[in-house]
Amino acid sequence: PRIIQFSVADPDTPFDQLQITALSGNPALVAASGIVIKKGARGCTLTVRPVADNYGKTKITITASDGHSQATETFELVVETINGGGIVLPNPPSPP
(Lines give C-alpha, C1' and ligand atoms only; values in the text may rest on other atoms or scores of the structure.)
Protein backbone atom coordinates (compact mmCIF):
# COMPACT_ATOMS: atom_id res chain seq x y z
CA PRO A 1 0.00 0.00 0.00
CA ARG A 2 0.95 3.63 -0.37
CA ILE A 3 0.22 6.19 2.36
CA ILE A 4 -0.19 9.83 1.34
CA GLN A 5 -0.56 12.63 3.87
CA PHE A 6 -2.62 15.70 3.08
CA SER A 7 -4.44 18.51 4.84
CA VAL A 8 -7.89 20.04 4.48
CA ALA A 9 -9.15 23.34 5.89
CA ASP A 10 -12.39 25.29 5.74
CA PRO A 11 -12.64 28.77 7.28
CA ASP A 12 -16.27 28.23 8.35
CA THR A 13 -16.43 24.55 9.30
CA PRO A 14 -14.45 22.74 12.00
CA PHE A 15 -12.12 20.07 10.63
CA ASP A 16 -13.92 17.24 12.45
CA GLN A 17 -17.19 18.15 10.69
CA LEU A 18 -15.80 17.97 7.16
CA GLN A 19 -16.69 14.92 5.07
CA ILE A 20 -13.70 13.61 3.13
CA THR A 21 -13.99 10.92 0.48
CA ALA A 22 -11.78 9.46 -2.24
CA LEU A 23 -12.62 7.55 -5.41
CA SER A 24 -10.61 5.69 -8.01
CA GLY A 25 -11.28 6.27 -11.67
CA ASN A 26 -10.32 2.63 -12.33
CA PRO A 27 -11.93 0.29 -9.74
CA ALA A 28 -10.36 -2.73 -11.47
CA LEU A 29 -6.97 -1.35 -10.39
CA VAL A 30 -7.91 0.32 -7.09
CA ALA A 31 -11.26 -0.81 -5.69
CA ALA A 32 -13.28 1.32 -3.26
CA SER A 33 -12.26 -1.09 -0.49
CA GLY A 34 -8.60 -0.34 -1.32
CA ILE A 35 -8.94 3.35 -0.39
CA VAL A 36 -8.96 4.37 3.27
CA ILE A 37 -8.96 7.91 4.63
CA LYS A 38 -8.11 8.59 8.26
CA LYS A 39 -8.52 11.99 9.86
CA GLY A 40 -6.00 12.89 12.55
CA ALA A 41 -5.31 15.91 14.70
CA ARG A 42 -2.92 17.41 12.14
CA GLY A 43 -4.47 16.32 8.85
CA CYS A 44 -5.41 13.24 6.90
CA THR A 45 -3.81 10.12 5.52
CA LEU A 46 -4.92 8.37 2.39
CA THR A 47 -3.97 4.71 2.16
CA VAL A 48 -4.22 3.20 -1.32
CA ARG A 49 -3.95 -0.55 -1.84
CA PRO A 50 -4.27 -1.71 -5.47
CA VAL A 51 -6.01 -4.92 -6.49
CA ALA A 52 -3.54 -7.83 -6.32
CA ASP A 53 -1.62 -8.70 -9.49
CA ASN A 54 -2.87 -5.62 -11.34
CA TYR A 55 -0.96 -2.69 -12.75
CA GLY A 56 -1.69 0.44 -14.73
CA LYS A 57 -2.83 4.01 -14.11
CA THR A 58 -5.83 5.56 -12.43
CA LYS A 59 -7.00 8.94 -11.29
CA ILE A 60 -7.68 9.30 -7.57
CA THR A 61 -10.10 12.09 -6.64
CA ILE A 62 -10.28 13.39 -3.08
CA THR A 63 -13.37 15.43 -2.16
CA ALA A 64 -13.90 17.52 0.95
CA SER A 65 -17.39 18.78 1.76
CA ASP A 66 -18.91 20.88 4.50
CA GLY A 67 -22.44 19.84 3.51
CA HIS A 68 -23.02 22.96 1.40
CA SER A 69 -20.04 23.18 -0.90
CA GLN A 70 -17.15 20.95 -1.84
CA ALA A 71 -13.60 21.02 -3.15
CA THR A 72 -11.88 18.28 -5.12
CA GLU A 73 -8.31 17.41 -5.99
CA THR A 74 -7.33 14.72 -8.48
CA PHE A 75 -3.98 13.07 -9.05
CA GLU A 76 -2.69 10.21 -11.16
CA LEU A 77 -1.63 7.01 -9.44
CA VAL A 78 0.67 4.56 -11.24
CA VAL A 79 0.93 0.92 -10.21
CA GLU A 80 3.87 -0.84 -11.81
CA THR A 81 4.66 -4.52 -11.75
CA ILE A 82 8.04 -5.54 -10.37
CA ASN A 83 8.90 -9.24 -10.21
CA GLY A 84 5.21 -10.14 -10.43
CA GLY A 85 4.13 -7.85 -7.56
CA GLY A 86 2.63 -4.39 -7.72
CA ILE A 87 4.25 -1.20 -6.49
CA VAL A 88 2.32 2.05 -6.16
CA LEU A 89 3.91 5.23 -7.47
CA PRO A 90 1.66 8.22 -6.78
CA ASN A 91 2.00 11.65 -8.27
CA PRO A 92 0.06 13.48 -5.56
CA PRO A 93 -0.81 17.14 -5.97
CA SER A 94 1.56 19.69 -4.53
CA PRO A 95 0.34 21.58 -1.47
CA PRO A 96 -0.99 25.07 -2.28
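This text goes with the structure placed above it.
Structure report, in brief. Just so it is clear, the model here is predicted, and its values are computed rather than measured.

1. Thoughts on the packing of aromatic side chains
Argument step 1. Tallied over the full model, the rule gives 0 aromatic pairs.
Argument step 2. Cation over ring: Lys39 sits above Phe15, and NZ or CZ is 5.0 Å from the ring centre.

2. Observations concerning the sheet that holds strand S1 (residues 2-6)
Argument step 1. Taken in spatial order, the 3 strands make up an open sheet running S1-S4-S3, and their pairing is antiparallel. With partners counted over all chains shown, the strands left at the sheet margins are S1 and strand S3 (35-40), one partner each. If you compare each strand with its neighbour and ignore which way they point, the axes differ by 20° on average.
Argument step 2. Of the strand pairs in this sheet, S1 and strand S4 (residues 43-48) are connected by 5 bridges, and their pairing is antiparallel. Within S4, the residue paired with Ile4 across the bridge is Leu46.

What counts, and at which threshold
Residues numbered from 1 in each chain as written. Predicted model: local features only at pLDDT ≥ 70, side-chain atom pairs only at ≥ 80, totals over all residues. Heavy atoms only, no water. Phe/Tyr/Trp six-rings, centres within 6.5 Å; stacked < 30°, edge-to-face > 60°. Lys NZ or Arg CZ within 6 Å of the ring centre and 35° of its normal. Pairing = 2+ DSSP bridges. Helix = DSSP H or I, 4+ residues; strand = E, 2+ residues; numbered from the N terminus. Axes fitted to C-alpha atoms, helices over the stretch in contact; angles between N-to-C directions.

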